[in-house]
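# Report on the structure
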Amino acid sequence: MSPFRALGGVLRAGGAGPWWRAGRGTLARCGPHPGRARSHEAPPTQAVASSSSYVEDMYFAWLEDRNNVHESWDAFFRNVQSSGGSGEEAQTRPSALLQGRPASHSPDVTQKVVEDHLAVHTLVRAYQIRGHHVAQLDPLGILDADLDSFVVPSDLITAIDKLGFYGLHESDLDRSFRLPHTTFIGGGETTLPLREVIRRLEDSYCGHVGVEFMFINNVEQRQWIRRKFETPGIMRFTAAEKRTLLARLIRSTRFEDFLARKWSSEKRFGLEGCEVLIPALKTIIDSSSAAGIESVIVGMPHRGRLNVLANVIRKDLNQIFCQFDPKLEAADEGSGDVKYHLGMYHERINRGTEKNITLSLMANPSHLEAVDPVVQGKAKAEQFYRGDSLGKKVMSILMHGDAAFAGQGVVYETFHLSELPSYTTHGTIHVVVNNQIGFTTDPRVARSSPYPTDVARVVNAPIFHVNADDPEAVVYVCRVAAEWRSAFNKDVVIDLVRPGTTVVCYRRSGHNEMDEPSFTQPLMYEQIRRQEHVLKKYADKLIGDGVVTLQEFQEEVAKYDKICEEAYASSKDEKISHIRHWLDSPWPEFFTEEGEPKTMTCPPTGLDKEVLQHIGQTASSVPLEDFAIHPGLSRILRSRADLVRRGQMDWALGEYVAFGSLLKDGVHVRLSGQDVERGTFSHRHHVLHDQEVDKRTCVPMNHLWADQALYTVCNSSLSEYGVLGFELGFAMASPDALVLWEAQFGDFHNTAQCIIDQFISSGEAKWVRHNGIVLLLPHGMEGMGPEHSSARPERFLQMSKDDPDHFPEFGGDFEVRQLYECNWIVVNCSTPANYCHVLRRQILLPFRKPLIIFTPKSLLRHPDARSSFEDVAIGTKFKRLIPDEGPSGQSPEQVRRLIFCTGKVYYDLTKERKRQNLENDVAIVRLEQISPFPFDLVRGEVEKHKRAELVWCQEEHKNMGYYDYVRPRFTTVVANERPVWYVGRGPAAAPATGNKSTHLNELKKFVDAAFNLSAFKGREA
């Protein structure tokens, strides 16, 4: 078999399949060469076949797409390719060398010519696919050791003897070959000697930049990248650009040096070893600003954050330096956070373009990558409010560490939001600071892929690897990344076409400045200690080239050192640390200048009857003509219309009224989550689908009023962590929007626990960041098993910060003040009206708090779980507690037992109470707002029923649900003078049983206990 025919396996390693399939598949999409249509000429004659120019043109047209040539030429080239054919066919093979050889009629010579050209084309493709494997990326020279399986690709010409792989020889190096249309290494030349072909391929793909892009499906995008990296001389900088780069590198390096001198024993997670990150980010911002970007949302881990704040965001240096002062007192704004977690929002002039630009560096916890979807959500929101439907004004930048990028699943979740219509941000540039280590863990045991960025390949994003010791290469790659986003508007760090930039560098000081990395990486850090700083290398180069003088360099260094010293002196005047000075998402028009609410009252949340009727009629109709809906949905809409005529609402209609009324007032409503358009339980149906026209949909909520706000309802990917983080970020952008995330089932929020713990629960305390996101968590014990029953209310209540032992004072607007002082609001509504009110209250409050709502399942269609329009009429509002309005409420002094409960169990209790005819003896009070605890209303009920036993009843197990939260607060209400008894399921490990019979037996047992009026006699509390 000839060496060329063996090349069938060359591209298999790159995932492109056999070469002949690549030729007909990938190349075919290029389309015919300009000016080339399919040849309809007759089969090649002897004379024609002897014309090397003609044969060459036909051959290259056939390479691009066999349909470009006559079927006879197709058969002819197939025969040459397969070394087959005989007789007449053999006599008609082309008999001239394609370049630089005399005419010949020898079939063997002709076949050799074709094979050699195909070999050169395959060689070009091999470098495009795998050149990055041998690129000089590692400043330390140890990268090859990262993965034991690394093997230099056999099809790259790393030695002369490798030519034999292609059937070529050293004597062929000076032969000229025609270049394929899929390369730009020729510049203006169409032919090059093989020696020059290899040299230019080495320069393009095996230098300080390694490019991964050949897996991208789009031919135009691949050609764009080829042009950016193959065109001879394209990576050149003017003297002015080099001086700017040097100045930025000076600031980045001297900032770290200054911190190391002043606070050598303090943790700061410095940027030593990757100082070039600062010029890299500034280049991305400059290029993006030039393309029209006005706002950049940035997310990053702790490493290098202070440098980014100082030299990219331009936080005042004295504000940064004062954070190192151990005597600095904290303002009474919350817990605060360590300096390398804080964020910043800043509007300034971009010096590179003289345009206004807004930079927002998001605060984040130590949980690496958790901020990724939050950044994306905020970027999406800013695009939405600016009407930036193509991402031309707002963009996001995400920075990552190598270990976290490969290891954290939320990275993958965030990638897969990138092309979804309601989540795309139209291109994010990801910068991976590749430390070649994760804390103390080597890459060989930290990931299974050759690169930490390989996760990006699943969404077809180009990946540019660059050696951080070559600042010009880094800056060029960042410029290309920004241009890529501007050209193709592709999403997040790694999407089909979104660039991921891996800056290969190292950590000079280990995980932090107090760490001793030589315990676990002795050879690596021995090499680092010998490594010359990139600033010195680059300065020496520019001085040697005459771009700057030594004096100019020293003056620039002295200039920045002086700035740091002056800021250091000024920082000593700072006595109090104000977290609000580090706010990443300010709402200046919503709060006062001091960041306080403008009022401490909340208006009633009731609505005019005409508004209720109008929303109800829209909710029960199809606003588009000739729109065929499902017969089953027709029945649902008729049922809604009947409810509206009777002035009633079920759960779905209550939600519709809340959303629609806010839209009328200009408040954007966004509902996101798995299956939210229809609703997990098929109750919502906010998106109607035409049964006769594919993909034709209607959102009636957007047809309520001509000048209403937009309603966005979007089914999400099957992700909780990523999507909840995204919606949290979306809610940060504006206080004038109701942003809701609904879990498919309540307990599914546990895969997003990081977002709940680190951002939603504690975000305001750590970063003075208000957020009004709403979590809808379906909850209820209904015999559906452990995984579809409990939304784990105990977890949210445990993180509620109100004091169980302190009985508050009830002066002023106690309800609003209590809400302002809490970290989030937890409710379990039992009526559609109260659900409607709490959603409206969320927007009418003069501040924003996260709202956790445990939503029902069976109550969605329960005939008793309905409300009258009167319950949401003008003057009404959310009821934190619903007292018993039956016979027991009329004669409270005769009540023998007062049962407090929340949620669905109320309906089980009232049914049993009626069955036992105990409506005069037992009062049932519903706690609708659980946290903050309604001390005032609970005390009123307790004092009203002075002779009654006090019982807390819940359907959840005793060690779950609400009991551990409400028990000490009830004790505080009664001053520990009356016992509060528990009725419910006993302790358990699983939230619910999977056996229906067991579930019903448990329910019967605790409901019977609730109405056994002698159950607690003689017992001590």
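My aim in this report is to walk through the structure given alongside it, one point at a time. (Residues numbered from 1 in each chain as written. Predicted model: local features only at pLDDT ≥ 70, side-chain atom pairs only at ≥ 80, totals over all residues. Heavy atoms only, no water.)

What follows concerns the sheet that holds strand β19 (residues 774-778). Sheet architecture is open: 7 strands sit in the order β17-β14-β18-β19-β21-β20-β26, paired in mixed fashion. Of all strands in the sheet, those with a lone pairing partner are β17 (711-715) and β26 (929-931), marking the two edges. On average, each strand axis in the sheet is tilted by 20 degrees relative to the strand beside it, whichever way the strands run. Relative to strand β21 (residues 851-855), β19 runs parallel, the two sharing 5 bridges. Across the sheet, the residue bridging to L777 is F854, located in β21. (Pairing = 2+ DSSP bridges. Helix = DSSP H or I, 4+ residues; strand = E, 2+ residues; numbered from the N terminus. Axes fitted to C-alpha atoms, helices over the stretch in contact; angles between N-to-C directions.)

Tracing the backbone shows V739 in strand β18 (residues 737-742). Judged by its relative accessible area of 1%, V739 falls in the buried class. Residues V739 and G772 lie 33 residues apart in sequence; the distance between their C-alpha atoms is 7.3 Å. Apart from residues lying up to four places away in sequence, V739 is in contact with R670, E727, F730, A731, G772, I773 and V774. (Buried < 20%, exposed > 50% of the residue type's maximum accessible area, 1.4 Å probe, protein only. Contact = heavy atoms within 4.5 Å.)

Here the focus is the pairing of strand β6 (residues 344-350). Relative to strand β7 (residues 355-361), β6 is paired through 7 bridges, and the arrangement is antiparallel. Among the inter-strand pairings, E347 is bridged to a residue of β7, identified as T358. Linking two consecutive strands that pair antiparallel, namely β6 and β7, is a turn of 4 residues; a positive phi of about 60 degrees is found at E354 within it.

What follows covers the packing of aromatic side chains. Under the counting rule described, the total for this entry stands at 42 aromatic pairs. When the centroid spacing of 5.0 Å and the interplanar angle of 35 degrees are considered together, the rings of F258 and F321 count as tilted. Of the two residues, F258 sits in helix α9 (residues 239-262) while F321 sits in helix α12 (residues 317-321), which places them 63 residues apart along the sequence. The two residues F258 and F321 agree in class, both being buried. Judged by centre distance (5.2 Å) and plane angle (80 degrees), the ring pair of Y906 and Y907 falls under edge-to-face. Neither Y906 nor Y907 differs from the other in exposure class; each is buried. Cluster of aromatic residues (ring-pair linked, three or more members): F796, F807, F810, F814, W824, F854, F900, F933, F935, W952, Y962 and F970. (Phe/Tyr/Trp six-rings, centres within 6.5 Å; stacked < 30°, edge-to-face > 60°.)

With respect to the helices and strands, Q128 occurs in helix α6 (residues 107-130). Under the relative-accessibility criterion, Q128 is labelled buried at 1%.

On to empty space enclosed by the protein. Where empty space is left becomes clear once a probe the size of a water molecule has been rolled over the atoms. Counting across every chain of the model gives 9 cavities of 30 Å³ or more. Its boundaries defined by the atoms lining it, the largest cavity holds a volume of some 90 Å³. Lining the largest cavity are 13 residues, and of these F759, I760, E764, R769 and N771 sit closest to its centre. Elements with a minimum of two residues in the lining of the largest cavity: α23 (721-732), α24 (753-761) and α25 (763-767). If you tally residues by element for the lining of the largest cavity, the top one is α24, at 3 residues. When grouped by side-chain class, the residues that make up the lining of the largest cavity number 5 nonpolar, 5 polar and 3 charged. (1 Å grid on protein atoms, 1.4 Å probe; cavity = no way out; pocket = protein on both sides within 12 Å on 5 of 7 lines; lining within 4 Å. Points joined across faces, edges and corners; volume = space filled by probe spheres on them. Nonpolar A, V, L, I, M, F, W, Y, C, P; charged D, E, K, R; others polar.)

So, to be careful, I would describe these as geometric facts and stop short of saying anything about function.
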